[in-house]
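Here's the letter readout for the chains.
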Amino acid sequence: QTGHCGALNPGLIHIPGLIHIPGLIHINDNCGGLLKPVSGAKWESKGRCAKPTGVNRMKFGLFYLFSDFGDIPQDQLFDEVMTEIEHGEALGFDAVWLPEHHFAIYGMLGNPLLLAAAVAQRTERMDIGTAVIVLPFQHPLRVAEDAATVDALSGGRLLLGVGRGYQPPEFHGFDVPQGESSEMF
């Protein structure tokens, strides 16, 4: 037994709906159904779930661009995305990434920290990343305050990605000189 996460089984593992995998440890679905190699793995309990120490593994995340989805109502779109994110966490994805874009069908999420706060309330384990907050369009103190709030709401799961932007229509829309974005960043 380990913490709230149930038993660790170093033998033949059964993952409901998937396959039996010998030689792997499975942490039950309360921890996202993670698989880890048995040999050399050491475990420590941090917060709600056991975490491996000294074992590197590839991590997987979800990324939502929020491009133009045609005739789908906005409330339906966000409801479906939130449901997908919840399913992603249940399947063991490590993170979700939310970008900032304005004034184009390329991406229509103007404030990823706002959606990150909603994701924080509907998930328990996965990290929540911004990819990216465009700093020249923001006041730095507002970004710091909003990021600190999301990080607190998520229990320290925010991965704050920031950038200087690159799309001319976005700079024009905010009346920000793109040539000054590097200095502003």
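Residues numbered from 1 in each chain as written. Predicted model: local features only at pLDDT ≥ 70, side-chain atom pairs only at ≥ 80, totals over all residues. Heavy atoms only, no water.

Undergrad: Run through a nonpolar patch on the surface, naming residues and quoting values.
TA: A surface patch of nonpolar side chains, about 250 Å² in accessible area, is lined by Leu160, Val162 and Phe185. Along the chain, the position of Val162 falls in strand E12 (residues 162–163). (Patch = residues over 30% accessible without salt bridge, like charges linked within 9 Å, V, L, I, M, F, W, Y side chains within 5 Å. Areas by Shrake-Rupley, 256 points an atom, 1.4 Å probe, with all protein chains shown as cover. Salt bridge = Lys/Arg side-chain N within 4 Å of Asp/Glu carboxyl O. Helix = DSSP H or I, 4+ residues; strand = E, 2+ residues; numbered from the N terminus.)

Undergrad: Could you give an account of the sheet that holds strand E11 (residues 158–159), naming the residues involved and the relevant values?
TA: The strand order across the open sheet formed by four strands is E7-E8-E9-E11, and the pairing between neighbours is parallel. Each of the sheet's edge strands pairs with one partner strand only, and the pair in question is strand E7 (61–63) and E11. In this structure, strand E9 (residues 127–130) lies alongside E11, joined through two bridges in parallel fashion. Its bridge partner being in E11, Ile128 is matched across the sheet by Leu158. (Pairing = 2+ DSSP bridges.)

Undergrad: Describe the packing of aromatic side chains, naming the residues involved and giving the relevant values.
TA: Scanning all chains against the criterion turns up five aromatic pairs. With 6.2 Å between their ring centres and 45° between their planes, Tyr64 and Phe66 make a pair best called tilted. An identical accessibility class is assigned to Tyr64 and Phe66; each is buried. Considering the side-chain rings of Phe137 and Phe171, the 4.9 Å spacing of their centres and the 70° angle between planes classify their relative orientation as edge-to-face. Of this pair, Phe137 sits in the loop between strand E10 (133–134) and helix H3 (140–153) while Phe171 sits in helix H4 (residues 168–174), and the two are 34 residues apart along the sequence. Both residues of the pair, Phe137 and Phe171, count as buried. Three or more aromatic residues joined by ring pairs form one cluster here, namely Phe103, Phe137, Phe171 and Phe174. (Phe/Tyr/Trp six-rings, centres within 6.5 Å; stacked < 30°, edge-to-face > 60°. Buried < 20%, exposed > 50% of the residue type's maximum accessible area, 1.4 Å probe, protein only.)

Undergrad: An account of the pairing of strand E8 (residues 95–98) is requested, with residue identities and associated values reported.
TA: As paired strands, E7 and E8 are joined by three bridges and run parallel to one another. If you follow Gly61 over to E8, its bridge partner there is Ala95. Here E8 runs beside E9; their pairing, made up of four bridges, is parallel. Bridge assignment links Leu98 to a residue of E9, and that residue is Thr130. Following the backbone out of E8, through helix H2 (residues 112–122) and into the adjacent parallel E9, one traces a crossover that is right-handed. (Right-handed = clockwise from strand over helix to strand, strands pointing away.)

Undergrad: Outline the pattern of salt bridges, listing residues and values.
TA: All told, the structure shown has two salt bridges when counted by the stated rule. Its salt-bridge partner being Arg57, residue Asp94 comes within 2.5 Å of it at the nearest N-O pair. Here Asp94, found in the loop between helix H1 (74–90) and E8, pairs with Arg57, found in the loop between strand E6 (49–53) and E7; they are 37 residues apart in sequence, far enough to count as distant. Under the relative-accessibility criterion, Asp94 is labelled buried at 9%. For the salt bridge of Glu86 with Arg122, the shortest nitrogen-to-oxygen distance reads 3.0 Å. With Glu86 in helix H1 and Arg122 in helix H2, this pair connects stretches of sequence that are 36 residues apart.

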